[in-house]
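Structural overview
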Amino acid sequence: MSVENNGKTKTAKSNILIALAGQQNAGKSTTYNMLTGANQHVANYPGVTVDKKVGSYRDGKTRYEVVDLPGTYSLTSFSLEERVSRNFFLEEKPDIVVNVIDATALRRSLYFTFQVMEMNFPITIALNMIDVAKNQGLSIDLQELRTRLGVEVVATVGRTGKGKQDLKTSIHKSANQEISPPPVLIKYDKLEEPLQVLEKMLAEDSFFKENYPLRWLAIKLVENDPEVYSLVETKHFNGQTIIKESTLLRARFEAELDIDTGDYIMACRDKAAKEIVNACITMKDISKQPISERIDRWVLNRALAPFFLLAVVFTIYELSIVQGYKLTAYTWPILAKIRDFIAHLLPSPGMIEDSLLRSMGLWMVDSANTLLNYVPIFFILFALIAILEDSGYMARIAFILDRIFHSFGLHGQSTLPFILGGVFAGGCAVPGIMSTKSIPDEKSRLATILTVPFMNCLAKIPLYTLLINIYFAEHKTWAMFFISTITILMAMIIAKILTSTILKGRETAPFIMEMPNYHAPTLFGVTQRSIERTWEYIKKVGSIVVAVSLCVFSLLQFPGLSKDRMDYYDAEMNKAVTVFYSKVSETSYKDVIEPIKTLTLLNLYDDYKRARMNSSGKDGAAAVEAQFKAKTPNMFTLLKPRNNKEAKKINRALRKVSSKRKRLRRKIKEEKIRNSFFGVIGRALEPVTQLAGFDWKVNIALISSFAARESSVATMGVLYQQGADDNKTLEQRMNNESESSGITPLHALAVLLFFALYPPCLAATIMVKIQTGSWKWMVFSIVFPTTIGFGVASTVFTLGNALGASGIDMMKGFYLTTLIIAVFIALEHKFSSDRLASSSVYQS
């Protein structure tokens, strides 16, 4: 009997809550986009990092709120996604469940459908990808399917919007029926009697009867579901008795039939699904091989698959990291203009020191700009990931590499995060960590998040290049190969250590490898998801960066310099200003430029020079000149003297006093760093870090690089000032100081290893917090690699000194040792798996 003949219409609600549920790769996201359009937002479910996508649409006066649940294959409590979905059903009690089913995989999809039906929610099935099913020669009798399931069934094609109005009509009808006709439930034959006993006992508590689907609870009890056990035991007034009874019934059933209850339930569902599929589906042309299988013959071919994978990886790397980074050349000027605009809103710069408000404000803007500059990279990256997901190739990447990664406790889907993090050189840990979202196994996901920062991100390269050019100039090729590959080996080994110890008890989902059909991604779907994920990044980073950047700023700026030191610098600056004004007084401009206006003129000169440097081409320079000429007509001649001799004289004096001012500000900055909390820590650590050969300068450079990796070299540039006025490069200056202070290639190797295993930078650390949802893991991601890095650096340095080995000798020895350990772990895992497989075969 059809549903519409039984349902009675009730007063329409003004707000309907829809749960969009289904298996992975069933086209749930495209159906969600089809229903909600652009009216949607993303959050997280409380206490977990699983995405909560919520959107809405209106139909008449009714607002329909759509919650896109995580893709899952069942409603057990095994994985995080399963628990999120079923907790939503139990706690939020949606008005209707829209179950999205892949039309080409109806039999497999019905397992999940049966479980939703047993929870007694009004349900409408969106039979998605009906066009693909037709192309495969499948003909599905929708009316027969409706009759056998007892629920509404609508054929849809989510990516093109086909079936959209029919689905909305069906949702409206099902959600507003006063009495929803019960769906056709599965009969579990010999298990029915125990289920009815338990259902009757559960119904004795009116709270349970009104708030929970009793048949579903009874089934979960005989399935030995621990969360349902806990629910009944703690909330049912007779919970202890029911638990004992269910245990007794299950044991009796398994003893009588010699079968696990879970297997029996699965067999009954499979039997029902098979009967429905046989009755509803007709195969028109069974000789025609589906196009997905024909593509997979090449893409998953044992010999060709690695080449396809490398080509895809190279394309992602090239487009997102390389080409995306080039786009920052266009976005950075925009961010620089925003910085200039905010700088003008803040108090003006002081002569040799800025006010705290200005310093802190610009520091926060600079921190935010550093992160926002990654937006083009992220947008391209998210678009490519969306294409891989929608096309169906993402699942195939995991399939190809899962076996290797599994040996080290990682997941096949760990591949992409490592690549984006910079497997060889030039990646970035931030997008790498962000892309771990798709890893379903919590243990592997955490291990990947904690090891991606070991990769060679773009910001590490300057320090690598600097040290290799100075200390390993004769072995550049080998040294670059070493640093490019040692990080991969170390990440694998550390992942194995983490998953065997601290992550051992973490949730690990069974590896279910499903090969979805290939689909052509739609422009709308890819663009929408890219914008959505990029905006999510901007919001989350923007909210956290404020707090963290303030902490780093305080540690680098305070306690500041003493009054005596500042008086000294003031006196130095006053001398320079006096000399400048003496030059001015010799010209006709002496009445225009009063001493008190010297600071204004210096700030104007610096603004002009900075604007010229940020402009591009002749037109840009002309625009800057026109702007400053209109803004300060009396002073512009001093900025651009042309043929005015007096103006030229003042301009030369202005350049000198400006240079003097910059040098004094740089010295103040250097002295502040040395005396800051970070600086004090750097010097205090020197007795310990000398075990790895680090002096206080290296300590400060490494500590400051926490804010951004690039600052390690910049800080060294500030600290190694000797010879800077002679136009010597930083390599030359450091090399000269190395000769006098006795720094050797062995010291450099220790720094390289520590830097490679060093904690992630500020942005990546924030991303660890975002992806794990835990401050604890964020702190761990700092402490753990610091310990590992320092341990490795100290061991190599101390052992090298004891053996009298050179830096290059220790580099080769360390590499060989690491390689042997990695191979040993992989072989040990293989032999263990083989033994387990042999044991299982023997027992069966």
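Residues numbered from 1 in each chain as written. Predicted model: local features only at pLDDT ≥ 70, side-chain atom pairs only at ≥ 80, totals over all residues. Heavy atoms only, no water.

In terms of helices and strands, the protein chain carries 37 helices and nine strands. A buried classification covers 52% of the 844 residues belonging to the protein chain. About 39500 Å² of surface is accessible on the protein chain, with carbon and sulfur atoms providing 59% of the total. (Helix = DSSP H or I, 4+ residues; strand = E, 2+ residues; numbered from the N terminus. Buried < 20%, exposed > 50% of the residue type's maximum accessible area, 1.4 Å probe, protein only. Areas by Shrake-Rupley, 256 points an atom, 1.4 Å probe, with all protein chains shown as cover.)

For helix H8 (residues 192-202), every residue scored as buried is listed here: Glu-192, Pro-194, Leu-195, Leu-198, Met-201 and Leu-202. Next to the buried residues of H8 lie helix H9 (206-211), helix H10 (214-222), helix H11 (226-235) and helix H12 (239-257). (Contact = heavy atoms within 4.5 Å.)

This next bit is on the confidence of the model for the protein chain. Across the protein chain, pLDDT averages 81, with 85% of residues at or above 70. Under a pLDDT of 50 for its full length, residues 723-727 has, in the predicted model, three contacts with residues more than four places off or in other chains. (pLDDT = per-residue confidence, 0-100.)

Under the defined criterion, the tally for this structure stands at 18 aromatic pairs. Taking 5.5 Å as the distance between ring centres and 35° as the angle between the ring planes, the aromatic pair formed by Phe-89 and Phe-121 counts as tilted. Placement of Phe-89 in helix H3 (residues 80-92) and of Phe-121 in the loop between helix H4 (106-117) and strand S6 (123-128) is noted, with a sequence separation of 32 residues between them. By relative accessible area, which is 13% here, Phe-121 ends up buried. Taking 6.1 Å as the distance between ring centres and 70° as the angle between the ring planes, the aromatic pair formed by Phe-207 and Phe-208 counts as edge-to-face. (Phe/Tyr/Trp six-rings, centres within 6.5 Å; stacked < 30°, edge-to-face > 60°.)

Of all seven residues in strand S5 (residues 96-102), seven are buried; the element is thus mostly enclosed. As paired elements, S5 and S6 share six bridges and run parallel to each other. Across the sheet, residue Asn-99 finds its bridge partner in S6, namely Ile-125. Taking the sense of rotation as the criterion, the β-α-β connection linking S5, H4 and S6 turns out right-handed. (Pairing = 2+ DSSP bridges. Right-handed = clockwise from strand over helix to strand, strands pointing away.)

One pass over the full model with this rule turns up 21 salt bridges. Across the pair Arg-665 and Asp-354 runs a salt bridge, and its minimum N-O distance is 3.0 Å. Within this pair, whereas Arg-665 is found in helix H29 (residues 645-675), its partner Asp-354 is found in the loop between helix H15 (305-345) and helix H16 (356-372), the two being separated by 311 residues in sequence. A residue is classified by how much of its surface remains accessible, and Arg-665, at 24% relative accessible area, is partly exposed. Sharing partners across several salt bridges, the network here consists of Lys-28, Lys-53 and Asp-68. (Salt bridge = Lys/Arg side-chain N within 4 Å of Asp/Glu carboxyl O.)

If you trace the backbone, Leu-757 turns up in the loop between helix H34 (745-756) and helix H35 (762-772). You can call Leu-757 buried: its relative accessible area is 2%. Considered as a pair, Leu-757 and Ala-491 are 266 residues apart in the sequence and their alpha carbons are 8.8 Å apart. In this structure, Leu-757 is in contact with Phe-454, Met-490, Pro-785, Ile-788, Gly-789 and Val-792, ignoring residues within four places of it in sequence.

A cluster of like positive charges, contributed by Lys-583, Lys-609, Lys-645, Lys-648, Arg-652, Arg-655, Lys-656 and Lys-662, occupies part of the molecular surface. The leading source of residues in the positive patch is H29, at six residues. Here Lys-662 is to be found in helix H29. The exposure class of Lys-662 is partly exposed, given its relative accessible area of 47%. (Patch = residues over 30% accessible without salt bridge, like charges linked within 9 Å, V, L, I, M, F, W, Y side chains within 5 Å. Lys, Arg positive; Asp, Glu negative; His and termini not counted. Charge placed at Lys NZ, Arg CZ, Asp CG, Glu CD.)

Another aspect to go through is the pairing of strand S1 (residues 15-22). Along S1, seven of the eight residues are buried, which leaves the element largely enclosed by surrounding structure. Where S1 lies against strand S4 (residues 62-68), six bridges are found, and the strand directions are parallel. Each bridged residue has a counterpart across the sheet, and for Ile-16 the counterpart in S4 is Tyr-64. As defined by bridge partners, S1 adjoins S5 across five bridges and the pair is classed as parallel. Bridge assignment links Ala-21 to a residue of S5, and that residue is Asn-99.

Attention shifts here to the packing of helix H23 (residues 476-500) against helix H36 (residues 775-803). Helix packing geometry: the angle between the two helix axes and the distance between the axes. Their axes nearest at 13 Å, the elements H23 and H36 cross at an angle of 120°. With respect to H36, the axis of H23 lies oblique. For the crossing formed where H23 meets H36, the hand is right-handed. Residues Met-490, Ile-494 and Leu-498 of H23 form the contact with H36, whose own contacting residues are Phe-780, Phe-784, Ile-788 and Val-792. Looking at the contact of H23 with H36, its residues break down into seven nonpolar, no polar and no charged. (Axes fitted to C-alpha atoms, helices over the stretch in contact; angles between N-to-C directions. Parallel < 35°, antiparallel > 145°, perpendicular 65-115°, else oblique. Left-handed = near helix turned anticlockwise from the far one by under 90°. Nonpolar A, V, L, I, M, F, W, Y, C, P; charged D, E, K, R; others polar.)

The next point concerns the nonpolar core. Residues Phe-378, Val-430, Phe-472, Phe-482, Phe-694, Leu-749 and Phe-814 are the most contacted members of the largest nonpolar core, which totals 103 residues. Here this core takes 12 residues from H23, the largest share from any one element. When near neighbours in sequence (up to four residues on either side) are disregarded, Phe-482 contacts Leu-749, Leu-753, Met-811, Phe-814 and Tyr-815. Formed by 67 residues, the second largest nonpolar core is a distinct cluster that contains Val-97, Ile-123, Leu-145 and Leu-249. (Core = buried A, V, L, I, M, F, W, Y, C linked by side-chain atoms within 4.5 Å.)

Looking at where Val-579 falls in the secondary structure, it is placed in helix H25 (residues 563-584). Remark: the alpha-carbon pair of Val-579 and Ala-653, spanning 74 residues in sequence, is separated by 8.4 Å.

Attention now goes to a nonpolar patch on the surface. Side chains of Leu-356, Leu-555, Phe-558, Phe-677, Ile-681 and Leu-685 sit close together on the surface and give an oily, nonpolar patch of about 480 Å² of accessible area. Looking at which element gives the most residues to the nonpolar patch, the answer is helix H30 (residues 677-689), with three residues. Counting through the fold element by element, Phe-677 comes out in helix H30.

Let us look at the packing of H29 against H30. One can describe the packing of H29 onto H30 by two numbers: an axis separation of 4 Å at closest approach and a directional angle of 60°. In this view, H29 runs oblique relative to H30, as classed from their interaxial angle. Together, Ile-673, Arg-674 and Asn-675 of H29 and Phe-677, Gly-679, Val-680 and Arg-683 of H30 make up the contact between the two elements. Considering only residue class, the contact of H29 with H30 consists of three nonpolar, two polar and two charged.

Unusually for a residue other than glycine, Met-129 sits at a positive phi of about 60°. Within the secondary structure layout, Met-129 lies in the loop between S6 and helix H5 (130-135). Taking relative accessible area as the criterion, Met-129 reaches 7% and is therefore assigned buried. Phi at Asp-258 takes a positive value of approximately 55°, unusual for a residue other than glycine. Tracing the backbone shows Asp-258 in the loop between H12 and helix H13 (261-280).

Compared with an ideal rise of 1.5 Å per residue, which puts 13 residues at 18 Å, H30 spans 17 Å between its outermost C-alpha atoms and is within 8% of the ideal. Along H30, the helix axis deviates most sharply at Arg-683, where the bend reaches about 25°; the proline Pro-687 sits within four residues downstream. (Expected span 1.5 Å × (residues − 1). Bend = angle between axes of the 7 residues up to and from the residue.)

Of note, Asp-95 is situated in the loop between H3 and S5. Taking the relative accessible area as the measure of exposure, Asp-95 reaches 19% and is therefore buried. Polar contacts involving the side chain of Asp-95 include one to the main-chain amide nitrogen of Leu-17, which spans 2.7 Å. (Polar contact = N/O pair within 3.5 Å; in protein donor to acceptor, adjacent residues only side chain to side chain.)

On to the environment of Leu-381. Looking at where Leu-381 falls in the secondary structure, it is placed in helix H17 (residues 375-391). When the C-alpha atoms of Leu-381 and Leu-420 are compared, they prove to be 9.0 Å apart, with 39 residues separating the residues in sequence.

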